[in-house]
Amino acid sequence: MNLHPVSTFKAPKGTYDLIPPDSAAFLAVREAISAPLRRSGYGYIETPGFENVELFSRGVGESTDIVTKEMYTLTTKGGDELALRPEGTASVLRAALEANLHRGGLPVKLWYSGSYYRYERPQKGRYRHFSQVGAEALGAEDPALDAELIILAHDAYRSLGLRNFRILLNSLGDKECRPAYRAALQDFLRGLDLDDETRRRIDINPLRVLDDKRDAVQQQLVGAPMLRDHLCEACKEYHERVRELLTAAGVAFEDDEKLVRGLDYYTRTTFEFVHDGLGSQSAVGGGGRYDGLSEMIGGPELPSVGWALGVDRTVLALRAEGVELELPAATEVFAVPLGEEARRALFTVVTELRRAGVAADFAYGGKGLKNAMKSANRSGARYAVVAGERDLAEGVVQLKDLESGEQAPVAFDTVVSELLAKRG
Ligand code: ATP
Ligand code: MG
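Model, not experiment: these values are computed from the prediction.

Peer 1: Could you give an account of the pairing of strand 9 (residues 267-275), with specific residues and numbers?
Peer 2: By the criterion of burial, strand 9 is predominantly enclosed, with eight of the nine residues buried. As paired strands, strand 7 (residues 165-171) and strand 9 are joined by seven bridges and run antiparallel to one another. If you follow Leu169 over to strand 9, its bridge partner there is Phe271. Two strands pair when backbone bridges link them, and strand 9 and strand 10 (residues 283-289) are joined in this way by six bridges, in the antiparallel orientation. Of the residues in strand 10, the one forming a bridge with Thr267 is Arg289.

Peer 1: Run through the sheet that holds strand 14 (residues 383-387), naming residues and quoting values.
Peer 2: An order of 13-12-14-15-16 is seen for the five strands of this open sheet, with the pairing classed as mixed. Strands with a single pairing partner mark the edges of an open sheet, and in this sheet they are strand 13 (360-362) and strand 16 (407-411). Averaged over all pairs of adjacent strands, the angle between their axes in this sheet comes to 25 degrees, without regard to strand direction. Sheet topology places strand 15 (residues 396-401) next to strand 16; five bridges connect them, and they run antiparallel. Pairing of Lys400 across the sheet is with Gln407, part of strand 16. Strand contacts of helix 13 (residues 340-355): strand 12 (333-337), strand 13, strand 14 and strand 15, with the helix running at about 160 degrees to strand 13, the strand carrying the most contacts.

Peer 1: Would you mind going over the packing of aromatic side chains in detail, with residue names and values included?
Peer 2: In this structure the tally under the stated criterion is 13 aromatic pairs. Taken together, a centroid distance of 6.3 Å and an interplanar angle of 90 degrees make the contact between Phe271 and Phe273 edge-to-face. By the burial criterion, Phe271 is buried, and Phe273 matches it. The structure contains a cluster of three or more aromatic residues connected by ring pairs, namely Tyr157, Phe165, Phe271 and Phe273. Taking NZ or CZ as reference, Arg85 lies 4.5 Å from the ring centre of Tyr116, over its face.

Peer 1: Tell me about the sheet that holds strand 4 (residues 81-84), and please be specific about residues and values.
Peer 2: Read from one edge of the open sheet, three strands run 2-4-3, paired in antiparallel fashion. With partners counted over all chains shown, the strands left at the sheet margins are strand 2 (50-52) and strand 3 (73-75), one partner each. On average, adjacent strands in this sheet sit at an angle of 35 degrees to one another, irrespective of strand direction. Here three bridges tie strand 3 to strand 4, and the two strands are oriented antiparallel to one another. Counted as the bridge partner of Thr73 is Ala83 from strand 4.

Peer 1: Can you tell me about the domain arrangement of the protein chain, naming the residues and giving the values?
Peer 2: The domain boundaries assigned to the protein chain delineate domain 1 (22-177 + 231-321) and domain 2 (333-423). Using C-alpha coordinates to define each centre, domain 1 is positioned 47 Å away from domain 2.

Peer 1: Help me get a handle on the pattern of salt bridges, residues and values and all.
Peer 2: Scanning all chains against the criterion turns up 32 salt bridges. As a salt-bridge pair, Lys109 and Glu148 come within 2.8 Å of each other at their nearest N and O atoms. Of the two residues, Lys109 is situated in strand 5 (residues 108-117) and Glu148 in helix 5 (residues 143-160); the sequence distance between them amounts to 39 residues. The partly exposed category is assigned to Glu148, whose relative accessible area is 22%. With its nearest N and O atoms 3.6 Å apart, the salt bridge here joins Glu141 to Arg268.

Peer 1: Any details on unusual backbone geometry? Residues and values, ideally.
Peer 2: Residue Pro20 is joined to Pro21 through a cis peptide bond whose omega torsion reads 5 degrees. The topology assignment puts Pro21 in the segment before helix 1 (23-38). Following Leu106, the chain continues into Pro107 via a peptide bond in cis, with omega recorded as 0 degrees. Positionally, Pro107 belongs in the loop between helix 4 (89-98) and strand 5.

About the criteria used
For every chain, the first residue of the written sequence is number 1, and numbering continues from 1 onward in sequence order. Here every chain gets a letter starting at A, and every ligand a number starting at 1, in the order they are written. Predicted model: local features are reported for residues with pLDDT of at least 70 only, side-chain atom pairs are reported and counted for 80 or more only, and whole-chain, interface and lining totals are derived from all residues. Only hydrogens and water are set aside; all other atoms, that is, all heavy atoms of the structure, feed into the side-chain values. A 1.4 Å probe rolled over the protein chains alone gives each residue an accessible area, and that area as a share of the maximum for its type sets the label: buried under 20%, exposed over 50%, partly exposed in between. Under the DSSP-based scheme used, a helix requires at least four consecutive residues in state H or I and a strand at least two consecutive residues in state E, with every element numbered from the N terminus. Think of it this way: DSSP has to see at least two bridges between two strands before they count as a pair. To obtain an axis, a line is fitted to C-alpha atoms, over the contacting stretch when the element is a helix, and the angle between two such axes runs from 0 to 180 degrees between their N-to-C directions. In this description, contact between two residues means that some pair of their heavy atoms is separated by no more than 4.5 Å. Only the six-membered ring of Trp is used, alongside the rings of Phe and Tyr, when aromatic pairs are assigned; centres must lie within 6.5 Å, and planes under 30 degrees apart are stacked while those over 60 apart are edge-to-face, with the rest tilted. Two conditions define a charge located above a ring, namely a distance within 6 Å from the ring centre to NZ of Lys or CZ of Arg, and an angle within 35 degrees of the ring normal. Each domain's limits were defined by an automated method or a database of domain assignments. The salt bridge definition used is simple: a Lys or Arg side-chain nitrogen within 4 Å of an Asp or Glu carboxyl oxygen.

Dropping the structure here:
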C-alpha cells in the first residue's frame, strides 16, 4: 500500500510516544517502583481511565487547579458526564468502596500503575498525558503506615540508583486543630496585596496560598501563621512518631512547613519527593494522609494515606543524574539462516530457546549474510547461531560469540542446551 498523506500525523500537543529503546527505561521504572510495594502486602488494582466527573470534583476538590483547569471532561452519546482520570486516589477509593474491600481486614493496601491526563501548559516534565505508579493504604490511622509508604518510595528511588532526591515532610493537622489555624491564616492573608484569583483562594482553599510559587506572593508570606504552631497534641504526637520511624529506617527528610495539599480531607502527614536536577518541574512524587476523603465521596469514615510517583519525571531524574539502568538484554541469541532449509531448522531452534526462557530473535525477510549479521549485532545479542546448507548436512550450526568474534561449530541437537549452559 502506498499512502501519500497530505500531512503526517503527530502525537497530540503535550504528549509523546514511548518507543524502543527508551521505552525500556519506563518499564524498568514502573517495575522498580512497584517491587517494594508488592513485597509489602499491597495488591494490584486497575480502574477505568475515565470516571464520572463528579467523583473528581468531590474527590480531588472543586477548588483545585486539577478540577477547575486541568480536567479533560466529555459528555458521552448517552449523556453521561465523564472525565479522563487526572489522578488515581479518588478512583481507587471509589473502587474499594464499591467492592466493599473496607469491610474486610483493614488497612486495605493497594497499588496501581497507569496513564493520567491533565490539560496543562506542556513543558519539560509536564505533559497532558503522563504515567504514575501509586499506592494507597485505606482504613487505618497508624504512623507506621505513613512511614511505611514514605520508606517504600524512598527505597524504590534508591533501587533505581537515584541519589539527588529529597523528601519534604509536613503535618497538616486534623479536624481538631486545622479550623482555628485556617481562620488565623485567612485573617493574615486578607491583609495582603493579592490578585483576585488568589483572594478567592483565601476563602475556599487558603492553605494553597502558602504554596504559591511567585516571589511577590512569597515575600508577603513572611510572618504568616504556620500550622506547626497550631497543631493539637494528638497531631504533634502522630507526626513525631512518623519522623522517628523514618529516622530509624535511615530515611532522611526535611521539615517543610509550607508544604500543603490544602483540602479539608487531607490531614496530618503530607510529603513530597523532589529532585534537584529537574528545574521547575522538580516534584517526582507526592502524597499524604486523607482521612476525610472517603466521607467526601459518600463512603464511611476511612482514614487513609497514599502517594503517587510520576514515572515520566523519574525517568528524567535518572537522565539528569546520568544513571544507566541495568536492563536485561532484549535479545540474547540471534539466528542467522542461509537458505530455505536452514530457515526452517533455525526457526525451530529459536522457538525452543524462547520456550526455555532465552530471549531469541531471527533474521526475518530472507536477508543475505551481511545484512543478517548486521541485524544480529544491532539486536544486542551476545550470540549468533548461523547455519547454511553445508552446516546442516554435517549436523552442525556455527555458534558465534558476537562480543569476542569467536566462532565454532556445535552439533545441531545440542545448540539449545549449550546456549542454556553458557548463560549460566
Ligand atoms: P506539580 O506541582 O508539579 O503540578 P502535582 O502536585 O500536580 O505536581 P500530584 O498531583 O501530586 O502532582 O502528582 C504526583 C506526581 O505525578 C507529581 O509529583 C509528578 O511527578 C507527576 N505529575 C503530575 N502532573 C504531571 C504532568 N502534568 N506531567 C508529568 N508528570 C506529572
Ligand atoms: Mg499539578
